[in-house]
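Coordinate analysis (summary)
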Amino acid sequence: MIYPIHVYGMPVLRKVAEDFAEDFEGLDELITDMYETMYQGDGIGLAAPQIGKSIRIIVVDGTRVDDDDEEQTELHDFKKVFINPHTVHEEGEEWEFNEGCLSIPNIREDVKRKSNLRLEYLDEDFNFFEEEFTGVKARILQHEVDHLNGILFTDRISPIRKRLLNAKLKAISKGNTDVKYKIRFPRK
Ligand code: NI
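Now for a quick tour of the structure.

What counts as what
Residues numbered from 1 in each chain as written. Predicted model: local features only at pLDDT ≥ 70, side-chain atom pairs only at ≥ 80, totals over all residues. Heavy atoms only, no water. Donors = N, O, S within 2.8 Å, 3.2 Å for Na, K, Ca; no water. Helix = DSSP H or I, 4+ residues; strand = E, 2+ residues; numbered from the N terminus. Buried < 20%, exposed > 50% of the residue type's maximum accessible area, 1.4 Å probe, protein only. Pairing = 2+ DSSP bridges. Axes fitted to C-alpha atoms, helices over the stretch in contact; angles between N-to-C directions.

**Considering the coordination of the nickel ion**
- The nickel ion binds to the protein through C101 (SG), H143 (NE2) and H147 (NE2), with metal-donor distances spanning 2.1 to 2.2 Å.
- Donor residues for the nickel ion sit on one chain with the sequence pattern C-x41-H-x3-H. Highlighted residues: H143 and H147, both in helix α3 (residues 135-148), separated by four residues, approximately one helical turn.
- Accessibility expressed as a relative area gives 8% for H143, which makes it buried.
- In this structure H147 comes out as buried when scored by relative accessible area, which is 1%.

**Observations regarding the sheet that holds strand β2 (residues 45-47)**
- Taken together, five strands build an open sheet; the order of strands is β2-β3-β4-β5-β6 and the sheet is antiparallel. Two strands close off the open sheet at either side, each with one partner strand: β2 and β6 (128-133). Strand-to-strand, the axes of this sheet are offset by a mean angle of 45 degrees, without reference to chain direction.
- Here three bridges tie β2 to strand β3 (residues 57-61), and the two strands are oriented antiparallel to one another. Directly across from G45, in β3, lies its bridge partner V60.

Honestly, that's just the spatial picture; any functional story needs more than this.
Structure representation (structure tokens):
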């Protein structure tokens, strides 16, 4: 089942999502649905709040990206489910990367983040991992973990840039954006 993507302005995107336990019902189906929904929007990462669920789960799939540059090639083994992910720490130099988000259609901005992410998480069988990520993998996960903490990439750009985007963000929150996937936006 493909879910509508909850876009900028939906309160669920601003909530801190909750951990959940192994007896969570319908997990396999949820994972399948999250992948399908993500593919529909041509995304490489999706967090549950983006489909209206305030729980800590992320799916990523970088295996379909074009390999026209090195940064992308490193993603070719990167298909993974992250359950109850939490940042242990971030370190290293900050670097800029042009980010986009299915919840903020047709907007891309350079965002500065640290190069290394240490993340603890469970896989879909609830095995515990603590793992260090770098490069674009770290970047994708930082963006998605932000979603679980109620943070959007537009929160991480300068106030001036943000002010310039204001009208576009407002339009998105009214459903006025040109996308080929289904979206859900706040009702007036
Ligand atoms: Ni996003």
